[in-house]
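Next come the chains, spelled out residue by residue.
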Amino acid sequence: MSTKENFERAKKDYEKWGIDVDQVFEQLKNVPISIHCWQGDDIGGFETNQQELSGGIDVTGNYPGKATTPEELRSDLEKALSLIPGKHRVNLHAIYGETDGKVVERDELEPKHFENWVNWAKENGLGLDFNPTLFSHPKAEDGLTLAHPDKEIRDYWIRHCIASRKIGEYFGKELGKPALTNIWIPDGYKDIPSDRLTPRKRLKESLDEIFATEIDEKYNVDAVESKLFGIGSEAYVVGSHEFYMGYALKNNKLCLLDTGHYHPTEVVSNKLSAMMLYSDKVALHVSRPVRWDSDHVVIFDDELREIGLEIVRNDALDKVMIGLDFFDASINRVAAWTIGTRNMIKSLLYAMLLPNEHLKQLQEEGNFTDRLALMEEFKTYPFGAIWDYYCEKMGVPAKETWLEEVKAYEKDVLSKR
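Calculation notes
Along every chain, residues carry numbers that run from 1 in the direction the sequence is written. The model is predicted, so local features are restricted to residues of pLDDT at least 70 and side-chain atom pairs to those at 80 or more, both for listing and for counting; the totals for chains, interfaces and linings are taken over all residues. The side-chain numbers reported here are obtained from all heavy atoms of the structure, hydrogens and water having been left aside. UniProt positions are given in the numbering used here, feature names are shortened, and annotations may be inferred rather than shown by experiment. Every helix listed is a DSSP run of H or I at least four residues long, and every strand listed is a run of E at least two residues long, numbered separately from the N terminus. The contact criterion used throughout is that any non-hydrogen atoms of two residues lie within 4.5 Å. Polar contacts, as used here, are pairs of N or O atoms within 3.5 Å; protein pairs need one atom able to donate a hydrogen and one able to accept it. Residues neighboring in sequence count only if both atoms are side-chain atoms. Using a 1.4 Å probe on the protein chains alone, a residue whose accessible area is under 20% of its type maximum counts as buried, one over 50% counts as exposed, and one in between counts as partly exposed. Pairs were defined over the aromatic rings of Phe, Tyr and Trp, the Trp ring being its six-membered one, requiring ring centres within 6.5 Å. Orientation was assigned from the angle between planes: stacked under 30 degrees, edge-to-face over 60, tilted for the rest.

1. Looking at the UniProt feature "binding site: Mn(2+)" (unreviewed entry) in the chain
Piece 1. UniProt annotation of "binding site: Mn(2+)" (unreviewed entry) refers to His261, Asp293 and Asp295 when read in the numbering used here. In terms of the greatest pairwise C-alpha distance, the residues named above, spread along 35 residues, form a tight cluster of at most 9.8 Å across.
Piece 2. Within the fold, Asp293 resides in the loop between strand 9 (282–286) and helix 9 (302–313).
Piece 3. Beyond its immediate sequence surroundings of up to four residues, Asp293 is in contact with Lys227, Asp258, Gly260 and His261.
Piece 4. There is a polar contact of 3.1 Å between the side chain of Asp293 and the side chain of Lys227.
Piece 5. What makes Asp295 buried here is its relative accessible area of 7%.
Piece 6. Excluding residues that lie within four positions of it along the chain, Asp295 makes contacts with Ser287, Arg288, Asp325, Phe326 and Phe327.
Piece 7. Side chain to side chain, Asp295 and Ser287 meet in a polar contact 3.0 Å long.

Pasting the structure below:
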């Protein structure tokens, strides 16, 4: 039976519940996922004075073929994007600028250093997002940046963040789609601090100074990202969830939730409905923690489905800015992008194919028996047939056939690096 025939049979099951699958496709194809560039080169970047990874970040594995130039990275991204349905965005860190072999300090980065990325994005119909890079640098080697007691070091990173926001604004102007510029810092202490308040006061003052520089919100949206702990900051992180949630709400900034940045028993899916009550928009970095913030490739697991459900059932597709953040050097990197991004899209499609309004009504009526029964039965509805046809309709491989293209690309391109 063909993909289309399977689809037509499956479609009837969903139509019985008033779900218009064709309308779902139209809605889904317009939802962009911000795909992180750093999966392709293990967060190395292209600085002339490239530094070793630091700041609580580590990438394990040595699978051959990682990108070592901007051209290689863009080529790999193009391959992955050709296997992912829909039009999406690419998320850059400041270390991915191109400086023609010159040493350019991070606080001196300018839009011109990202012109090649913008031209490439225009050619491929993509949006771009941005992040200042406050790790893997001599001025961050003691684990403190914007909260550093040394004002000269704080000022350096403040200038870098301001420069990054201007680059984000440049992206938005050039591409006609606002960029999300997200600030994450590694600041914290390995062991129990004797003073938790003072570093947070310094971080607040640094952020105030960064955001005092006016940037047109039509072109750039600011976000701040929390973390529970990191390597070298096991006992205390300055930028905790409570700190950034309060700061974002008070200063009209986005609070970015990373799925790996919370206690192992916390889930971001449960936070979204609360955050959306008080914020016009919420930003995500979707990852997969395995016992800690290990940034494994996103799989189609319970939490990913719940994230998709919370976004869809609360009519928040235009309110939640979905980005990815994982890096695995033990497998083919193009495959990692493809697996993770396709799974994020799958979670949204899965959620769109549920009778969400009916399920809500059952809850309001206190009919928890029917609610549980239906939620369980829909888990074995013919979702796969709908997904396969969506991929085919969007011009990308269905099922696992995409893997053959990745293997051919590895043989023809990656293996020769």
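2. Observations concerning the side chain of Ser226
Piece 1. Along the chain, the position of Ser226 falls in the loop between strand 6 (220–225) and strand 7 (236–237).
Piece 2. For Ser226, the contacting residues outside a window of four places in its chain are Trp184, Gly239, Ser240, His241, Tyr244, Leu256, His261 and Tyr262.

3. Concerning the packing of aromatic side chains
Piece 1. Applying the stated criterion across every chain, the model contains 24 aromatic pairs.
Piece 2. Relative to Phe171, the ring of Phe130 has its centre 5.6 Å away and its plane inclined at 85°; by these criteria the two rings are edge-to-face. Taken as a pair, Phe130 in strand 3 (residues 127–131) and Phe171 in helix 5 (residues 151–175) lie far apart in primary sequence, 41 residues in all. Like Phe171, Phe130 is buried.
Piece 3. Plain terms: the ring middles of Phe243 and Tyr244 are 5.1 Å apart, the flat faces sit at 80° to each other, and that makes the pair edge-to-face.
Piece 4. Here Phe243 falls in the buried class, since its relative accessible area comes to 14%.
Piece 5. The class of Tyr244 is buried, set by a relative accessible area of 1%.

4. Details of the pairing of strand 4 (residues 179–183)
Piece 1. Of all the five residues making up strand 4, five are buried; the element is thus mostly covered by neighbouring parts of the structure.
Piece 2. Residues Ala179, Thr181 and Ile183 point to one face of strand 4 and Leu180 and Asn182 to the other, with burial holding for every one of them.

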